[in-house]
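Spelled out from the first residue to the last, the chains are:
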Amino acid sequence: MPGECNHLELAQNVGPKTEGCEECLKEGESWVQLRMCLICGRVGCCDSSWGRHATKHFEETGHPIMRSIEPGHNWTWCYIDKAYL
Ligand SMILES: [Zn+2]
Ligand SMILES: [Zn+2]
Ligand SMILES: [Zn+2]
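Being a predicted model, the structure only gives us computed values, none of them experimental.

Chemist: Tell me what's going on with the overall build of the protein, and back it up with residues and numbers.
Modeler: Helix and strand counts for the protein stand at 2 helices and 5 strands. In summary, the protein has a C-alpha radius of gyration of 12 Å against a globular reference of 12 Å for 85 residues, a match within 12%. Principal-axis analysis of the C-alpha atoms places the extent of the protein at approximately 40 × 30 × 25 Å. In the protein, the proportion of contacts linking residues at least 24 apart, taken out of those at least 6 apart, comes to 46%. In the structure as shown, the protein presents an accessible area of about 5,200 Å², 47% of it carried by carbon and sulfur atoms. In the protein, which carries 8 positive and 12 negative side-chain charges, the distance between the mean positions of the two groups comes to 1 Å.

Chemist: Residues and numbers for the coordination of the zinc ion (ligand 3), please.
Modeler: With distances of 2.0 to 2.3 Å, the protein atoms coordinating the zinc ion (ligand 3) are Cys37 (SG), Cys40 (SG), His57 (NE2) and His63 (ND1). Note that the zinc ion (ligand 3) binds 4 donor atoms; their angles at the metal cover 103 to 112°, and the shape is tetrahedral. In terms of primary sequence, the donors binding the zinc ion (ligand 3) are separated according to C-x2-C-x16-H-x5-H. The class for Cys40 is partly exposed, based on a relative accessible area of 24%.

Chemist: Let's hear about the pattern of salt bridges: which residues, and what values?
Modeler: Tallying each qualifying case throughout the model produces 4 salt bridges. Across the pair Glu22 and Arg42 runs a salt bridge, and its minimum N-O distance is 3.5 Å. Of this pair, Glu22 sits in helix 1 (residues 22-27) while Arg42 sits in the loop between strand 1 (34-37) and strand 2 (43-45), and the two are 20 residues apart along the sequence. Taking relative accessible area as the criterion, Arg42 reaches 18% and is therefore assigned buried. For the salt bridge of Arg52 with Asp47, the shortest nitrogen-to-oxygen distance reads 3.5 Å. Given a relative accessible area of 46%, Asp47 falls into the partly exposed group.

So, how was this worked out
Residues numbered from 1 in each chain as written. Chains lettered and ligands numbered in written order. Predicted model: local features only at pLDDT ≥ 70, side-chain atom pairs only at ≥ 80, totals over all residues. Heavy atoms only, no water. Helix = DSSP H or I, 4+ residues; strand = E, 2+ residues; numbered from the N terminus. Rg over C-alpha atoms; globule rule 2.2 N^0.38 Å. Contact = heavy atoms within 4.5 Å. Areas by Shrake-Rupley, 256 points an atom, 1.4 Å probe, with all protein chains shown as cover. Lys, Arg positive; Asp, Glu negative; His and termini not counted. Charge placed at Lys NZ, Arg CZ, Asp CG, Glu CD. Donors = N, O, S within 2.8 Å, 3.2 Å for Na, K, Ca; no water. Tetrahedral: all angles 85-135°; square planar, octahedral: opposite > 155°, others 65-115°. Buried < 20%, exposed > 50% of the residue type's maximum accessible area, 1.4 Å probe, protein only. Salt bridge = Lys/Arg side-chain N within 4 Å of Asp/Glu carboxyl O.

Printed below as a string of C-alpha cells:
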C-alpha cells in the first residue's frame, strides 16, 4: 500500500479546541473549510482559505495528522506521507 502511514499512532483523543479556525477568529477573517489537528485539537483552515492555517500549524509544530471537520467529511490527512488515511 503506497504511503502507508504510521503517524496515526500520534493521534490523541482530542476534540476541536475552537469552533472555527483559531487564527482566523483572532484576525476576524473567514475561511472555506475547517481541519482539526488530531494531536492537539487545534482547528485550522484548509488550503483554499486565505490563511491556510492547518498547513501552517503543521509547519510550525510538526503535527502531521489532521482531519476534516466539515459535515459529511470523513477523512484524515497526513502531511508527511501526503496521503489520505
Ligand atoms: Zn503519516
Ligand atoms: Zn485560518
Ligand atoms: Zn497540533
